[in-house]
Amino acid sequence: MRRYMHLMCMYSYSTAAAFLTKPGSPSVIKHTRWLGNFQSNFTFRFGSSLSSSHANEDGSGHSFPFETIRQAIEYGTRILMDYEVTEPDISALHLLSHAMNEVADNAGRGDEQFKVKFSELGSMPRRALVADESKLYLEFLERRKNHEPIQYILGEWDFMDFTLVCRKPTLCPRPETEELVEFICKDIDTNIKLFDQRTMRVLDVGCGTGAIGLAIARKYPNASVIGIDKCDKAVALSNENARLLGLSHDSYTACISTADKFHVMNDQKFHFVVSNPPYIPLNDMTALSKDVIDHEDYDALCGGTDGLDVVRDIINQLPNWLADDGGRSCWMEVDTSHPKIIEKIISNDMKVDNVIFDGYKQDFCGRDRFIKLSVLT
C-alpha cells in the first residue's frame, strides 16, 4: 500500500486536517499522474458521473447502490463529500481497494498476486464487485463518514520506506515527521565516525507508533533506540511494529514513562534525543478537525496552555540524558510559534545548565517547525 494521502503540515491539525500529498517526492509525482489518468478514464472513456443508482444484490436479496468499481468509487465519493470528509475521492479509492483485499484474505487468496493495488483500480472500472466486497466497502464508508482517520480504517500506513500498523488512539504518521527523521539522520551522519566500534544510543520521547525510532533503528544497524510514551497502547503498538519489522529488542524497545520521570544510569546515557511531543496550545485544540479531535489521543496532541509543557520537561532533562561522548543533540518537532519562544526560554528564562539553542528548520510548507538543541560538554 502506498502512502498517497497525508496530513499537510502538522498544523493541518487546525486547518481542516486536509489529506494532501508531500510535494516533489517521486511517489507523489507518480500518484498525481496516475490519479489524473484515473479520473480521465472515468470521465472520458466511460462518461460523466452517475446520474442514477446502479444496484446489485447479494444472495439474500440485500441491495447495493453500485455494481462496478467505477460506480462504487463515485458513490463513495458523493457520500463522503456530503459529510465534508477531507479528500473524499482518495478516501473512496483507499477504502474500496482495502475492502477487496480483505475479502480476498478471508477467501484464502491473501497472497500478493491476488492483491488489488491502489494504482490498479483505474484500469478495471467495469469490474463487477461481489456482494462481500460491496458490503465491507459500505462498512468502511460508514466509519469514514464519521471522520475516522483513514489510517485507522486501513489499519496501517506508510512512513519513510516502511509500513506501520496504526490503531486508535495513537497519532497517525504524518509527512512532516518524516522530515524530522531526515534532519536527525543528517546530524547522525555528521557524527557517524564516533560510532564505528560502538553502539549509538538514541532516545525517542513520545514514541507513539514508533515511527521515528524505528526509522532510525532500521537505518543504523549499530543503533540502540529506546522509545518512551505515557500511553500503554502506544508502547504496545510501537513494540509490535518493531517485531513486525524484524528488529531485535537490542535495536528497538519502548517502555512506559513520561519525560520528567525518565532517568538513566551514567553508562546508559544517549548520544541523540528526538521527539515529536504534544505541542498544540490549549486554546488551539478547539480548532482541530473532527478527524483529529474525535479520534486521536488528546494527551498526545495538547501541550498545555502554551503547548510547551513536555518540551520544557525535555529541555530540563537533556543534561541528564545525553552522554559526553556522542552527538549530544536533540531534535524536536514543535508548533510554528515555538522556535523563537524556545530560543528565548533557553537564553533568558530556564537557563538549563549547558543547553543551547542551535537553531530551527522549516517544514515543506515553509513553516518554522523543527528545532535543534545541544548540550555542551
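Provided above is the structure to which this section pertains.
Residues numbered from 1 in each chain as written. Predicted model: local features only at pLDDT ≥ 70, side-chain atom pairs only at ≥ 80, totals over all residues. Heavy atoms only, no water.

## A closer look at the packing of helix α2 (residues 69-82) against helix α4 (residues 131-145)
For step 1, the next point in the chain: Following both chains from N to C, one finds α2 and α4 inclined at 20°, their axes separated by 10 Å at the closest point. With respect to their mutual orientation, α2 and α4 come out roughly parallel. For the element pair α2 and α4, the recorded crossing hand is right-handed. Along the contact surface, α2 presents Ala72, Ile73, Tyr75, Gly76, Ile79 and Leu80, while α4 presents Tyr137, Leu138, Leu141, Arg144 and Lys145.
For step 2, the next point in the chain: For the contact of α2 with α4, the residue count by class is eight nonpolar, one polar and two charged. (Axes fitted to C-alpha atoms, helices over the stretch in contact; angles between N-to-C directions. Helix = DSSP H or I, 4+ residues; strand = E, 2+ residues; numbered from the N terminus. Parallel < 35°, antiparallel > 145°, perpendicular 65-115°, else oblique. Left-handed = near helix turned anticlockwise from the far one by under 90°. Contact = heavy atoms within 4.5 Å. Nonpolar A, V, L, I, M, F, W, Y, C, P; charged D, E, K, R; others polar.)

## Examining unusual backbone geometry
For step 1, the next point in the chain: With an omega of 5°, the peptide bond between Lys168 and Pro169 qualifies as cis.
For step 2, the next point in the chain: Positionally, Pro169 belongs in the loop between β4 (162-165) and α6 (175-190).
For step 3, the next point in the chain: You will see that Arg328, though not glycine, has its phi angle at about 55°, which is positive.
For step 4, the next point in the chain: By the element assignment, Arg328 lies in the loop between α11 (309-321) and β9 (329-333).
For step 5, the next point in the chain: On the basis of relative accessibility, which here comes to 6%, the residue Arg328 falls in the buried class. (Buried < 20%, exposed > 50% of the residue type's maximum accessible area, 1.4 Å probe, protein only.)

## A word on the pairing of strand β11 (residues 368-375)
For step 1, the next point in the chain: Of all eight residues in β11, seven are buried, a share of seventy percent or more.
For step 2, the next point in the chain: Relative to β11, β9 is paired through five bridges, and the arrangement is antiparallel. Its bridge partner lying in β11, Ser329 is registered against Ser374.
For step 3, the next point in the chain: With seven bridges joining them, strand β10 (residues 355-362) and β11 adopt antiparallel strand pairing. Counterpart to Ile356 in the pairing with β11 is Ser374.
For step 4, the next point in the chain: The loop that links β10 with its antiparallel partner β11 comprises five residues; one of these, Gly366, has a positive phi angle of about 80°. (Pairing = 2+ DSSP bridges.)

## With respect to α6
For step 1, the next point in the chain: Over its 16 residues, α6 runs 23 Å from end to end, which matches the ideal 22 Å to within 8%, given 1.5 Å per residue.
For step 2, the next point in the chain: With respect to burial, α6 is a largely interior element, 12 of its 16 residues being buried.
For step 3, the next point in the chain: Those residues of α6 not exposed but buried are Pro175, Glu176, Thr177, Glu178, Glu179, Leu180, Val181, Phe183, Ile184, Cys185, Asp187 and Ile188. (Expected span 1.5 Å × (residues − 1).)

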